[in-house]
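# Coordinate analysis (summary)
Next come the chains, spelled out residue by residue.
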Amino acid sequence: MSSPTDRPDDDAYWQRPDPAAESLGRPEPAPPAPEPAGYQGPPRATPPPADWRPPTIANPPPPRRMPAQDDIALDEAESSARTVTYGIGLVAGAIALVVMCLLCARLVF
């Protein structure tokens, strides 16, 4: 379809065609497919054969006992690790403070 070259008097060009008019070359709509009576559920599965499981070879031995934990030694190790961590943090903070003071002193003076 080409656009009209003359100026239309109204909006008739943009209106939908009359549904009662003769066919515009479009195919007729297909009739709706018949719907099933309702959901019949999943299809039934055939049961597996009686010998479908693999044979059991051997049972594994029970797990061994773990060694007892030394709670006092664990607490001492955690305490020393915490001390080292705090020490490194304090040194890093002191270095950062000195660097900040140097940078601010250069900006002021």
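You'll find the structure just up there.
Let us look at the structure shown here. (Residues numbered from 1 in each chain as written. Predicted model: local features only at pLDDT ≥ 70, side-chain atom pairs only at ≥ 80, totals over all residues. Heavy atoms only, no water.)

### Concerning the overall build of the chain
Counting its regular elements, the chain contains 1 helix and 0 strands. Each of the 109 residues in the chain was classed as buried or not, and the buried ones make up 0%. Looking at the chain as shown, the accessible area adds up to about 12000 Å², and 62% of this sits on carbon and sulfur atoms. (Helix = DSSP H or I, 4+ residues; strand = E, 2+ residues; numbered from the N terminus. Buried < 20%, exposed > 50% of the residue type's maximum accessible area, 1.4 Å probe, protein only. Areas by Shrake-Rupley, 256 points an atom, 1.4 Å probe, with all protein chains shown as cover.)

### Topic: a nonpolar patch on the surface
Together, Val-91, Ile-95, Val-99 and Leu-103 make up an exposed nonpolar region whose accessible area comes to about 360 Å². Looking at the element boundaries, Val-99 is found in helix α1 (residues 71–108). (Patch = residues over 30% accessible without salt bridge, like charges linked within 9 Å, V, L, I, M, F, W, Y side chains within 5 Å. Salt bridge = Lys/Arg side-chain N within 4 Å of Asp/Glu carboxyl O.)

### Re the state of the cysteines
This structure, assessed with the given rule, holds 0 disulfides. No disulfide involves Cys-101; its sulfur sits 6.8 Å from that of Cys-104, the nearest cysteine. On the accessibility criterion, Cys-101 (47% relative accessible area) is partly exposed. (Disulfide = S-S within 2.5 Å.)

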